[in-house]
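Results of the structural survey
So you can see what is in the structure, the chains are spelled out below.
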Amino acid sequence: SQQGEEDPQALSIQEGENATMNCSYKTSINNLQWYRQNSGRGLVHLILIRSNEREKHSGRLRVTLDTSKKSSSLLITASRAADTASYFCATDRAGANSKLTFGKGITLSVRP
Amino acid sequence: EPEVTQTPSHQVTQMGQEVILRCVPISNHLYFYWYRQILGQKVEFLVSFYNNEISEKSEIFDDQFSVERPDGSNFTLKIRSTKLEDSAMYFCASTVRGLDYGYTFGSGTRLTVV
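Residues numbered from 1 in each chain as written. Chains lettered and ligands numbered in written order. Predicted model: local features only at pLDDT ≥ 70, side-chain atom pairs only at ≥ 80, totals over all residues. Heavy atoms only, no water.

1. Quick look at the overall build of chain A
When helices and strands are counted, chain A shows zero helices and 11 strands. The globule rule puts the C-alpha radius of gyration for 112 residues at 13 Å, and the 13 Å found for chain A is close to it. By principal-axis analysis of the C-alpha atoms, chain A measures approximately 45 × 30 × 20 Å. Restricting to contacts in chain A with at least 6 residues of sequence separation, those with at least 24 account for 55%. As displayed, chain A has an accessible area near 5200 Å², and 43% of this comes from carbon and sulfur atoms. (Helix = DSSP H or I, 4+ residues; strand = E, 2+ residues; numbered from the N terminus. Rg over C-alpha atoms; globule rule 2.2 N^0.38 Å. Contact = heavy atoms within 4.5 Å. Areas by Shrake-Rupley, 256 points an atom, 1.4 Å probe, with all protein chains shown as cover.)

2. Considerations on the sheet that holds strand E8 (residues 75-79) of chain B
Residue and element names in this part refer to chain B. Strand order in the open sheet formed by four strands is E1-E3-E8-E7, with antiparallel pairing between adjacent strands. Both outer strands of the open sheet, strand E1 (5-7) and strand E7 (65-68), are each paired with one neighbouring strand and no more. The average undirected angle you get between the axes of adjacent strands in this sheet is 20°. (Pairing = 2+ DSSP bridges. Axes fitted to C-alpha atoms, helices over the stretch in contact; angles between N-to-C directions.)

3. Considerations on the state of the cysteines
Where two cysteines share a covalent bond between their sulfur atoms, that bond is called a disulfide. Scanning the entire structure with this criterion turns up two disulfides over all chains. One disulfide bridge connects A:Cys23 with A:Cys89, the sulfur atoms lying 2.0 Å from each other. Disulfide A:Cys23-A:Cys89: torsion about the S-S bond near 65°, hence right-handed. Taken as a pair, A:Cys23 in strand E3 (residues 19-24) and A:Cys89 in strand E9 (residues 85-93) lie far apart in primary sequence, 66 residues in all. Since its relative accessible area comes to 2%, A:Cys23 is described here as buried. Note on cysteine connectivity: B:Cys23 is disulfide-linked to B:Cys92, with sulfurs 1.9 Å apart. The S-S bond linking B:Cys23 to B:Cys92 shows a torsion near -65°; that makes this disulfide left-handed. Of this pair, B:Cys23 sits in strand E3 (residues 19-24) while B:Cys92 sits in strand E9 (residues 88-95); the two residues are 69 residues apart in sequence, bridging distant segments of the chain. (Disulfide = S-S within 2.5 Å. Buried < 20%, exposed > 50% of the residue type's maximum accessible area, 1.4 Å probe, protein only.)

4. Observations concerning the pattern of salt bridges
All names here are of chain A. Under the counting rule described, the total for this entry stands at five salt bridges over all chains. One salt bridge connects Glu53 with Lys56, and the closest N-O pair in it is separated by 3.9 Å. Classification of Glu53 as partly exposed rests on a relative accessible area of 23%. Given the relative accessible area of 24%, Lys56 is considered partly exposed. One salt bridge connects Arg60 with Asp83, and the closest N-O pair in it is separated by 2.9 Å. A residue pair is termed long-range when its members are at least 10 positions apart, and Arg60 in the loop between strand E6 (55-58) and strand E7 (61-66) and Asp83 in the loop between strand E8 (71-76) and E9 qualify at 23 residues. Using a relative accessible area of 23% as the deciding quantity, one classes Arg60 as partly exposed. Among the residues examined, Asp83 registers a relative accessible area of 7% and is labelled buried. (Salt bridge = Lys/Arg side-chain N within 4 Å of Asp/Glu carboxyl O.)

5. Some points on the interface of chain A and chain B
The partner chain B presents 21 residues to the 24 residues of chain A that form the contact. Between chain A and chain B, the buried area comes to about 1800 Å², and carbon and sulfur atoms account for 51% of it. Inspection of the region where chain A meets chain B yields one salt bridge. For B:Glu56, the salt bridge is made with A:Lys99, and the minimal N-O distance between the two is 3.2 Å. The interface formed by chain A and chain B includes five residue pairs in polar contact (both at pLDDT 80 or more). (Buried area = accessible area lost by both parts, 1.4 Å probe. Polar contact = N/O pair within 3.5 Å; in protein donor to acceptor, adjacent residues only side chain to side chain.)

6. Some points on the environment of A:Leu43
In this fold, A:Leu43 is placed in strand E5 (residues 43-50). When the C-alpha atoms of A:Leu43 and A:Tyr25 are compared, they prove to be 20 Å apart, with 18 residues separating the residues in sequence. In this view, A:Leu43 contacts A:Tyr35, A:Arg36, A:Gln37, A:Phe88, A:Phe102, B:Val43, B:Phe91, B:Phe105 and B:Gly106; residues no more than four positions away in its chain are not counted.

7. Description of the packing of aromatic side chains
Within the structure shown, the criterion is met by 16 aromatic pairs over all chains. Here the aromatic rings of A:Tyr35 and A:Phe102 are separated by 5.6 Å at their centres, their planes lie at 55°, and the arrangement is tilted. With A:Tyr35 in strand E4 (residues 29-37) and A:Phe102 in strand E10 (residues 100-102), this pair connects stretches of sequence that are 67 residues apart. The pair A:Tyr35 / A:Phe102 is uniform in exposure class, with both members buried. Connected via pairs of aromatic rings, a cluster forms that spans A:Tyr35, A:Phe88, A:Phe102, B:Tyr33, B:Tyr35, B:Phe45, B:Phe91, B:Tyr103 and B:Phe105. (Phe/Tyr/Trp six-rings, centres within 6.5 Å; stacked < 30°, edge-to-face > 60°.)

Here it is in structure tokens:
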């Protein structure tokens, strides 16, 4: 089974609009993290939400976590062309040695 | 801001050759990882390393792979006899503690096996 499945797979929006990306997972987690990857580059940590948290903010980012539904969402408000990238959710599974399990990612395109 | 540094950025090697990918994690981090990403696919966990030993490895990390922290700063991934399917981006990551902290990833090494 897949851990950390994002949807949609691709999202195209106009600059200034909000972008919402969703992630579902299957096993119990310690935390869920979101990463950004610009084309051909490394992964940049955006935000981490712990399993006992429901919502977290960081600048224009808002992440929610619903452990009963095993899902998370990442909202980017007032998007900019520079937000164009792939976004991955990654889970740190409860009871396991620390390692991240990544989803397939969402490709976000922000049109200027 | 502290960075995880990986070298080389791109390596081309012939099938069957050995390659060593190098990483310098952030100095006060304790947990080290290698992940790989085949083009267009998911980022996959390879191995985690803590206290100078492997703490977990995936099924991908077979006998052809090994990791080492030879001098307290470098963290290397060796592939003994490369296969075509080893072509991927390899990312090194480190974190202060294993749980509840975000990871810092390097920019990756693109390995091309021909």
